[in-house]
Amino acid sequence: MTEANRAPNLLPLALVLGGLLWIFTMTGGRQIFVNEMLSEAYDSQAEHLLRGDPGVDGAAIRHESLIVDGKTRMYFGPFPAFVRMPLNLIYPGGRGYWSRISGFCAGMIVLAAFAGLIRIALRSSPLSSRWKNWLGNVCLIGFAFGSPLLLLLGNLSIYDEAIVWGLAWSIAALYFALRTRTAEGAALTRFLISFSFCAGAAFLSRLTFGAPLLLVAPILALRLFKRNPIRNFAALFLPLGAAFLFHLFLNYAKFGDFSGMPLRYSINPVQRDFALEHGIFRLERVPYSFADYFILRYPEFQRDPPYLKGQRQSYNHPNLYVMPFTETYSSLLWCSSWLVLGAVIGVVMFFRPGGSDWVDRAIAAVFLFQSVVVLSFMGLCQRYAAEFCPFLIFAFLFFLRSGRAAFHLRYVLIALVAASVAINSITTVSWLLDADRNVPPETRAKWNQFLGRTSRS
């Protein structure tokens, strides 16, 4: 293999990062079985599904309950409940305590998928083997500690667990989608069925991650008419189609219609009334949300450890957002500046002659649509920043693949990764300690002990 076609070796660092993320997720490596906020809801949903019942115990889902004809329902996707089924069969004593193991597994999937995407991009780059290894490993560090992934693994309440699984399967589906671009024969079929499975799992984890992949599938299908179409079409659409139909029938069983998030049944009157009056999604929110997620939230210093502040801030637009504050504590321009810079340059590469083809642009448009949907939502949270990752990562790959731009900006990229890792890590710990109401008390106490300060109530 020539140097120009050699991919970087990312496995050793990926294993090291996996170990570090285990320590972070388990708060030092010992808090493995912890009852996170509403974590038992997935166990209850798993038990109900095994009985053919679409419901959930009211005591398990509590303040996130949807009451339909006197029966308790939940709007969260069922995939984490599927994960619970074999775990509770093997060890029933873990019921209600699986969130961290579940979330860590999702984190390893997304880290491996991201590493695979980086290898694909750098393999075709004209950079030297030395710089491919440097940039590949630097980007892997950036993704582990300078991206929204860190927050998701730091607090695996029901909200974050759903998102980290959606992110994991979405990035894995993107990896297999790109592998289909150059594969032939049996390899092509394997990559198609892998994409289909991952896309279906993303759909059942979180709709905003899975729905865009429903649009990516027909884009991939257009290239299959002369390449063993019957076998490859079956590989591409059967797993994804089965997941889509299961989602529809589950929604119908829960709510009597096929809608995915019927907040009219919510027991939370604030969210229910706001959604009915102002809508769950509105395009008028896009510029305000974009400013919140990408520009407005900057690091604020404090005297005590961890020295940077992660907190809620006022963002009162009463006709746009359900709450008068935002839970975005650090904009992507700060906590993931390396990814944003590369993505911006990658978008420019889309439109250069020979920089991309119609398939690349169609996939980018689908992921951009996903970002717009998130920007139009009625709430603002740091965890939702993960929903921008499919588009940002896809665009970032074109920046790496270009070679010339990546080489000229290599030192800038390394510096931005270092800055992003520092800012994102510190502000995330600050958020978990002082602002996130879903963090278990024992986890907060452990972080306070690590930082050598008195626990705050």
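Note that the coordinates shown come from a computational prediction; the quantities given were computed from them, not determined experimentally.

## Let's talk about the pattern of salt bridges
Under the counting rule described, the total for this entry stands at 13 salt bridges. Here Glu387 makes a salt bridge to Arg206, at a shortest N to O gap of 2.6 Å. Here Glu387 is found in the loop between α16 (358-375) and α17 (389-402), whereas its partner Arg206 is found in the loop between α9 (185-205) and α10 (207-221), with 181 residues between them in sequence. The network of salt bridges with shared partners includes Asp43, Arg84 and Glu161.

## Looking at the side chain of Ser420
Along the chain, the position of Ser420 falls in helix α19 (residues 410-434). A polar side-chain atom of Ser420 sits 2.9 Å from a polar atom in the side chain of Ser337. Once residues lying within four places of it in the same chain are set aside, the contact partners of Ser420 are Phe145, Gly146, Trp334, Cys335, Ser336, Ser337, Trp338 and Ser425.

## Notes on α10
For α10, built from 15 residues, the straight-helix expectation of 21 Å at 1.5 Å per residue is met to within 8% by its first-to-last C-alpha distance of 22 Å. Buried within α10 we find Phe209, Gly210, Pro212, Leu213, Val216, Ala217, Ile219, Leu220 and Ala221. Residues of α10 that are buried make contact with α8 (158-179), α9, α11 (229-255), α16 and α17.

## Here we look at the packing of helix α5 (residues 99-123) against α17
With their axes 8 Å apart at the nearest point, α5 and α17 run at an angle of 35° to one another. Crossing geometry of α5 relative to α17 is assigned as right-handed. For the pair α5 and α17, contact is made by Phe114, Leu117, Ile118, Ala121 and Leu122 and by Ile393, Phe396, Leu397, Leu400 and Arg401, respectively. Split into classes, the residues belonging to the contact of α5 with α17 amount to nine nonpolar, no polar and one charged.

Scoring rules and cut-offs
Each chain carries its own residue numbering, running from 1 in the written order of its sequence. Local features are withheld for residues below a pLDDT of 70 in this predicted model, meaning they are given only at 70 or higher, and side-chain atom pairs are given and counted only at 80 or more; totals for whole chains, interfaces and linings count all residues. By convention in this description, side-chain values take in all heavy atoms of the structure and omit both hydrogens and water. Salt bridge, as used here: a side-chain nitrogen of Lys or Arg that lies within 4 Å of a carboxyl oxygen of Asp or Glu. Secondary structure elements are defined from DSSP: runs of H or I of at least 4 residues count as helices, runs of E of at least 2 residues count as strands, and each element is numbered from the N terminus. Polar contact criterion, stated in full: a pair of N or O atoms within 3.5 Å, where within protein one must be able to donate a hydrogen and the other to accept it, and residues adjacent in sequence count only if both atoms are side-chain atoms. Whether two residues touch is decided by their heavy atoms; if any such pair falls within 4.5 Å, the residues are in contact. The span you would expect from a helix comes to 1.5 Å times its residue count less one. Exposed residues in this analysis have more than 50% of their type's maximum accessible area, buried residues have under 20%, and partly exposed residues fall in between, with area computed by a 1.4 Å probe over protein chains only. Angular values range over 0 to 180 degrees, each being the angle between N-to-C directions of two axes fitted as lines to C-alpha atoms, with helices fitted over their stretch in contact. In this scheme the crossing of two helices becomes right-handed for a clockwise turn of the near helix relative to the far one and left-handed for an anticlockwise turn of less than a right angle. Residues are grouped as follows: Ala, Val, Leu, Ile, Met, Phe, Trp, Tyr, Cys and Pro are nonpolar; Asp, Glu, Lys and Arg are charged; all remaining types, including Gly, are polar.

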